[in-house]
Amino acid sequence: MALLVLLAEWGKIRLAAATVDHGLRPEAATEARSVKAFCKQLGVEHHILPWLGEKPVSGLQAAARSARYALLVQHAHHGGFSHLATAHHADDQAETVLMRLVSGSGIAGLAAMRNRLERQGIVHIRPLLAISKERLVLTCVLHNIPFVDDASNSNRQFGRVRIRQVLDTLAAEGLTPERLGRLAIRAGQANDALDQITAAFFQSNAEPHWSAIAEQPKELRLRILAQILRSETAMHKPRKIAEPVKLERLEALLAALDAAHADGKHLRRSLGAVIVTLERNGHLKIAHAPPRKRGLTPPRLRHET
């Protein structure tokens with residue numbers, strides 16, 4: 001709500017607001033209508049986007065997040081908008097960094113939320129990412145901007161809520177949201193630099209041979225391998241956004257490829273929908289795995305030497 005008013009008062013852009021009703025709380029529909037009424041007072045176009053269909057039993061927050069962005073991006077395209085602005089703040093960023101730490105993320109994960117990224121042709125910006133939640137709430141109170149406390153934000157069923165509840169304890173020891181946000185910025189800078197170096201490698205090696213890959217530091221080998229796998233997946237499913245391979249599985253595949261190359265051995269492994277083959281001469285082949293036969297579930301990571 002604070003972001004809505006700030007953008008409306010700025011007045012230098014074509015602005016519309018959208019509220020996603022996930023259909024998960026009985027009061028959500030009423031809240032969405034109240035936002036619509038407030039937007040009418042501001043003279044801002046508003047649309048309510050319902051998340052329809054069955055909801056998953058597990059992984060609800062992640063599924064809701066994916067559905068939310070899908071609806072918002074689709075709506076932005078339909079309305080002819082170039083940017084999507086969301087009000088993620090410094091406390092959200094701190095929670096995300098901690099969640100990535102808990103899950104064992106690498107540099108890319110610790111970069112957490114970026115203040116600017118692209119989502120299927122729409123530029124997603126987070127202009128409040130350095131502003132604390134406390135300051136935004138105070139802005140709403142001082143300027144009589146209505147807002148709602150979502151009860152699910154206190155539901156310990158969700159991992160993000162449990163992480164949020166330890167932030168005060170960590171802040172007392174010096175690990176404040178500001179410092180966690182600074183960590184995300186520095187990790188993002190390092191990640192961007194590594195991405196540029198990875199891109200330069202592919203410019204010089206259109207068809208990478210493992211002997212060239214083996215000369216790179218481990219972090220770059222991981223990124224090169226990840227990019228090769230993503231490219232193969234995108235080639236066969238161009239309309240589907242490839243899910244990133246879990247870092248642990250990627251590291252296991254890299255270790256196997258490094259060992260096989262050092263010993264001059266042949267290696268064939270499948271990872272997800274991709275088959276990776278390293279020949280004895282170091283030539284690397286990537287192929288899309290054939291469709292699985294019904295009733296047969298192959299192991300998640302299979303290898304032949």
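Residues numbered from 1 in each chain as written. Predicted model: local features only at pLDDT ≥ 70, side-chain atom pairs only at ≥ 80, totals over all residues. Heavy atoms only, no water.

Peer 1: Can you walk me through unusual backbone geometry in this structure?
Peer 2: Note on backbone geometry: most residues besides glycine have negative phi, and most peptide bonds are trans. One non-glycine residue, Gln 120, lies in positive phi territory at about 50°. Along the polypeptide, Gln 120 turns up in the loop between strand 4 (116-119) and strand 5 (122-125). A relative accessible area of 56% places Gln 120 in the exposed class. Phi at Asn 144 takes a positive value of approximately 55°, unusual for a residue other than glycine. Here Asn 144 shows up in the loop between helix 6 (133-142) and helix 7 (159-164). (Helix = DSSP H or I, 4+ residues; strand = E, 2+ residues; numbered from the N terminus. Buried < 20%, exposed > 50% of the residue type's maximum accessible area, 1.4 Å probe, protein only.)

Peer 1: Just checking my understanding: could you explain a nonpolar patch on the surface for this structure?
Peer 2: Nonpolar side chains collect at one region of the surface, where Val 137, Leu 138, Val 141, Leu 142 and Phe 147 lie side by side and expose about 440 Å² of accessible area between them. In this fold, Val 137 is placed in helix 6. On the basis of relative accessibility, which here comes to 32%, the residue Val 137 falls in the partly exposed class. (Patch = residues over 30% accessible without salt bridge, like charges linked within 9 Å, V, L, I, M, F, W, Y side chains within 5 Å. Areas by Shrake-Rupley, 256 points an atom, 1.4 Å probe, with all protein chains shown as cover. Salt bridge = Lys/Arg side-chain N within 4 Å of Asp/Glu carboxyl O.)

Peer 1: Please clarify how the packing of helix 1 (residues 2-10) against helix 2 (residues 28-42) should be interpreted in this entry.
Peer 2: Each pair of packed helices can be summarised by the angle the axes make with each other and by the distance between the axes. Contact geometry of helix 1 with helix 2 gives a least axis separation of 11 Å together with a crossing angle of 20°. In terms of their interaxial angle, helix 1 and helix 2 are classed as roughly parallel. Between helix 1 and helix 2 lies a crossing of right-handed hand. Residue-level contacts link Leu 4, Val 5 and Ala 8 of helix 1 to Phe 38, Cys 39 and Leu 42 of helix 2. Considering only residue class, the contact of helix 1 with helix 2 consists of six nonpolar, no polar and no charged. (Axes fitted to C-alpha atoms, helices over the stretch in contact; angles between N-to-C directions. Parallel < 35°, antiparallel > 145°, perpendicular 65-115°, else oblique. Left-handed = near helix turned anticlockwise from the far one by under 90°. Contact = heavy atoms within 4.5 Å. Nonpolar A, V, L, I, M, F, W, Y, C, P; charged D, E, K, R; others polar.)

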